[in-house]
Amino acid sequence: MTRRTLSIMVITVLGSATLHAATITFSDSTFADADWTATGIGPGLLGFTAGQVPTGGNPGTFRQNTLTFNIGSVYVANLSPAFVYTASTLPIISLSGSYDVIRTGPYAVGIALALLQNGSYYISSGGTSAYNPAWTPGQVFLTSPTSFSRMSGSGPLIPDFSATGAPLELGYASINFDTAPGTILTSQSGIDNLSITVISGTIGGIPEPTSVSLFTAGMALMAALKRASGPSRRK
């Protein structure tokens, strides 16, 4: 089941600035097939499958990707229509993710955050390698749209995190590459307990040193609350 939680923070300091911030967290630990889509990207991708596996997760069900590929880099973008962030008046400050990953095939697989905006697919520069045949935690924390690069589409090279940016459909990508011409490889990996958090916010007024400290403290508090709650592992 996909879940969405929202937290809003407004702090005002007399004679200084006002911090407006909101946190939206999207999470899934069951990965019903009806809640997810999968798109293969890359000329070397010969085929792929993506879907829920009923047992063997951390615990219970999980989502598995199988990629068959040859030369070059290949991706499978797994996105959820329930994981849609729509900007209103606040630009995105940071985008972070946590998850458990496992290698279920013979080769390691890269796992990164992915998003779809205005028909273009983007992938994060940070991520995790699913190299371990046992469940392993992973996380990524990004503070700029330049932390993403376009995988496919004709849109800008990086996504728009401004307050007027188009909606973002969020998820993750499985990544592989092959540098040996003529070879065909098949990789397989799983993901469970996925949680993606979008923090948006602004400081009203002039950003004096006090305001900057306030903003930093506010973001630290929200991040601490997020870590304290953590993704639920109950299914």
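The notes below deal with the structure included here. No experiment lies behind these values; they were computed from the predicted model shown. (Residues numbered from 1 in each chain as written. Predicted model: local features only at pLDDT ≥ 70, side-chain atom pairs only at ≥ 80, totals over all residues. Heavy atoms only, no water.)

## Overview of the pairing of strand β6 (residues 72-85)
Consideration 1: Pairing of strand β3 (residues 37-41) with β6, which is carried by five bridges, proceeds in the antiparallel orientation. Residue pairing for β6: Gly-40 is matched across the bridge by Val-76.
Consideration 2: Of the pairings in the sheet, the one linking β6 to strand β12 (residues 168-178) comprises 10 bridges and is antiparallel in character. Along β12, the bridge assignment pairs Ser-73 with Phe-177. (Pairing = 2+ DSSP bridges. Helix = DSSP H or I, 4+ residues; strand = E, 2+ residues; numbered from the N terminus.)

## Examining the packing of aromatic side chains
Consideration 1: One pass over the full model with this rule turns up six aromatic pairs.
Consideration 2: Note on Phe-31 and Trp-36: the rings are 5.5 Å apart at their centroids and 35 degrees apart in plane angle, and the pair reads as tilted. Each of the two residues, Phe-31 as well as Trp-36, counts as buried.
Consideration 3: Here the aromatic rings of Phe-62 and Trp-135 are separated by 5.3 Å at their centres, their planes lie at 85 degrees, and the arrangement is edge-to-face. Residue Phe-62 is found in strand β5 (residues 60-69), and its partner Trp-135 is found in the loop between β9 (120-130) and β10 (136-142); the two are separated by 73 residues along the sequence. The same class applies to Phe-62 as to Trp-135, namely buried.
Consideration 4: Aromatic rings pair up to connect Phe-26, Phe-31, Trp-36, Phe-83 and Tyr-172 into one cluster. (Phe/Tyr/Trp six-rings, centres within 6.5 Å; stacked < 30°, edge-to-face > 60°. Buried < 20%, exposed > 50% of the residue type's maximum accessible area, 1.4 Å probe, protein only.)

## Focus on the sheet that holds strand β11 (residues 148-152)
Remark on secondary structure: sheet strands pair via backbone hydrogen bonds, oriented parallel or antiparallel.
Consideration 1: Overall, antiparallel pairing links the six strands, which are arranged β3-β6-β12-β8-β9-β11 in an open sheet. The sheet is open, and its two borders are formed by β3 and β11, each paired with just one other strand. Adjacent strand axes in the sheet meet at a mean angle of 35 degrees when their direction is disregarded. (Axes fitted to C-alpha atoms, helices over the stretch in contact; angles between N-to-C directions.)

## Some details on unusual backbone geometry
Working note: non-glycine residues mostly have negative phi, and peptide bonds are mostly trans.
Consideration 1: Of the consecutive residues Asn-58 and Pro-59, the connecting peptide bond is found in the cis state with omega at 0 degrees.
Consideration 2: If you check the backbone angles, Asn-118 has positive phi at about 55 degrees while not being a glycine.
Consideration 3: When you line up the elements, Asn-118 lands in the loop between β8 (109-117) and β9.

## Some points on the environment of Ala-166
Consideration 1: Inspection of the secondary structure assignment puts Ala-166 in the loop between β11 and β12.
Consideration 2: A sequence separation of 48 residues divides Ala-166 from Asn-118, and the C-alpha atoms of the two residues are 6.7 Å apart.
Consideration 3: Residue contacts for Ala-166: discarding those within four places in its chain leaves Gln-117 and Asn-118. (Contact = heavy atoms within 4.5 Å.)

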